Amino acid sequence: MAPMVRSAVLSGYVDLALSLDVDPMLLLRSVGIGAAALTASDLWLPADALDLLMERTAHESNCETFGLRLAARRGLANLGPVALVAREEPEIRSALTIALRHIALHNEALRTRLSETGSLTTILIQSAPGFVLGRQSIELTVGATCRILREFLGQDWHPLSVCFTHGAPAQRTDDHPILGPSIEFDQSFDGIVCYSHDLDSANPLADPLLRPYARDYLRSLAAPDETISGRVRAIIETLLPTQQCSAATVADHLGMDRRTLHRQLQRDGESFLTVLNSTRLDLAHRYLTHHDRTLSDIATELGFSELSAFSRWFRHHAGHAPGHLRAR
């Protein structure tokens with residue numbers, strides 16, 4: 001099934017399109033989206049139609065930074081029910097983790113996670129498997145994430161760097177300040193790099209008395225067709241760099257004990273070890289095809305304490321050494 005996105009993503013679209021002298025209704029119809037999508041924020045729309053809409057609008061308006069301009073109108077509230085839970089978390093890190101882990105409640109085309117290396121944290125923005133987000137959708141997501149972080153950290157906060165896999169626009173405009181002063185194009189990932197201690201700060205928006213009610217509310221909204229193995233995989237990706245990725249820890253994140261997790265994974269024809277290994281192997285192939293990380297960095301990113309342990313594991317599961325894939 002193709003990924004879907006809540007119509008809340010269209011918030012501010014009409015006003016911005018009109019300001020750029022293009023007809024938003026004509027563009028919406030061209031991708032099969034009716035005007036009814038503008039009157040409700042909880043309708044599910046095809047992700048490919050919305051992605052195409054962003055690209056067409058950027059082209060018709062001759063505005064390469066359309067996604068960034070739309071992101072400037074976004075904030076935490078645009079995440080809908082996820083925002084209600086995230087804002088009540090005690091630390092900014094846990095608030096961000098909640099928002100990233102449950103992003104599929106808002107946008108099934110996105111996969112986001114935190115990756116820690118020493119004193120730095122990277123917020124990775126990725127497309128869902130089998131789907132490729134265009135430039136405008138990526139810049140909209142990254143820009144909106146910067147805006148959300150400033151709600152927690154203050155309007156003067158800037159990331160250390162914002163990275164994009166696509167190239168720089170033909171002309172630099174005043175839309176880029178939303179991202180901060182350091183923007184790098186043609187990189188191996190899309191995302192935001194910041195100091196880890198920024199995320200360890202207390203959340204100034206939180207009310208401890210509301211936290212348990214907010215979490216109960218989010219659990220009631222969880223997608224009923226989301227597989228347990230998919231949820232486990234998302235948590236594994238978050239925990240691997242911490243080298244604390246155990247079945248017990250993942251079960252705790254899901255609000256269950258280890259035996260319950262084992263039984264539910266069995267129903268999917270999986271075990272914790274099979275999901276762990278498949279997640280690691282997918283990430284290893286992704287990291288090894290780029291040259292921005294050393295093999296030692298990749299080993300740490302995947303939760304191995306030593307490079308030799310990673311090499312033995314990779315050779316066993318992939319049939320060849322990690323250096324062979326990188327050289328190829």
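Just so it is clear, the model here is predicted, and its values are computed rather than measured. (Residues numbered from 1 in each chain as written. Predicted model: local features only at pLDDT ≥ 70, side-chain atom pairs only at ≥ 80, totals over all residues. Heavy atoms only, no water.)

Caption draft 1: Inspection of the overall build of the chain at higher detail. Within the chain, the secondary structure is distributed over 16 helices and seven strands. The buried share of the chain, taken over its 328 residues, is 49%. Across the chain, the fraction of contacts at a sequence separation of at least 24, relative to all contacts at a separation of at least 6, is 67%. Total accessible area computed for the chain in this model is approximately 15,800 Å², and 52% of it derives from carbon and sulfur atoms. (Helix = DSSP H or I, 4+ residues; strand = E, 2+ residues; numbered from the N terminus. Buried < 20%, exposed > 50% of the residue type's maximum accessible area, 1.4 Å probe, protein only. Contact = heavy atoms within 4.5 Å. Areas by Shrake-Rupley, 256 points an atom, 1.4 Å probe, with all protein chains shown as cover.)

Caption draft 2: Region of the structure containing the nonpolar core. In terms of nonpolar packing, the biggest core is built from 62 residues, with Leu10, Tyr13, Ile33, Leu53, Phe66 and Leu179 touching the most fellow members. Top element by residues in this core is helix α7 (residues 135-153). It accounts for seven residues. Those residues in contact with isoleucine 33, other than ones at most four positions away along the chain, are Leu10, Leu28, Leu45, Ala49 and Leu50. Membership of the second largest hydrophobic core comes to 27 residues, among which are Phe272, Leu283, Leu288 and Phe314. (Core = buried A, V, L, I, M, F, W, Y, C linked by side-chain atoms within 4.5 Å.)

Caption draft 3: Highlighting the packing of aromatic side chains. By the definition in use, this model includes six aromatic pairs. Here the aromatic rings of phenylalanine 304 and phenylalanine 310 are separated by 5.7 Å at their centres, their planes lie at 50 degrees, and the arrangement is tilted. Residues phenylalanine 304 and phenylalanine 310 agree in their burial class; the two are buried. Relative to phenylalanine 314, the ring of phenylalanine 310 lies with its centre 5.9 Å away and its plane at 50 degrees, an arrangement referred to as tilted. Pair noted here: phenylalanine 310 and phenylalanine 314 are both in helix α15 (residues 307-318), with a separation of four residues, about one helical turn. With respect to burial, phenylalanine 310 and phenylalanine 314 carry one shared label: buried. A network of ring pairs unites the aromatic residues Phe304, Phe310, Trp313 and Phe314 as a single cluster. Above the plane of the ring of phenylalanine 304 lies arginine 280, whose end atom (NZ or CZ) is 4.1 Å from the centre. (Phe/Tyr/Trp six-rings, centres within 6.5 Å; stacked < 30°, edge-to-face > 60°. Lys NZ or Arg CZ within 6 Å of the ring centre and 35° of its normal.)

Caption draft 4: Structural context of empty space enclosed by the protein. Applying the stated criterion across every chain yields a total of one cavity of 30 Å³ or more. Reported here for the largest cavity is a volume of approximately 460 Å³. Along the walls of the largest cavity sit 28 residues, with His106, Asn107, Leu110, Thr141 and Ala144 positioned nearest its centre. At the level of secondary structure, the elements contributing two or more residues to the lining of the largest cavity comprise α3 (47-60), α6 (92-101), β3 (110-117) and α7. No other element matches the seven residues that α7 contributes to the lining of the largest cavity. A per-class count over the lining of the largest cavity returns 18 nonpolar, eight polar and two charged. (1 Å grid on protein atoms, 1.4 Å probe; cavity = no way out; pocket = protein on both sides within 12 Å on 5 of 7 lines; lining within 4 Å. Points joined across faces, edges and corners; volume = space filled by probe spheres on them. Nonpolar A, V, L, I, M, F, W, Y, C, P; charged D, E, K, R; others polar.)

Caption draft 5: Local environment of the pairing of β3. Note that β3 and strand β4 (residues 120-127) share eight bridges and pair antiparallel. Bridge pairing links serine 115 to threonine 122 in β4. Hairpin connection between β3 and β4: a loop of two residues separates the two successive antiparallel strands, and glycine 118 in this loop has a positive phi of roughly 65 degrees. (Pairing = 2+ DSSP bridges.)

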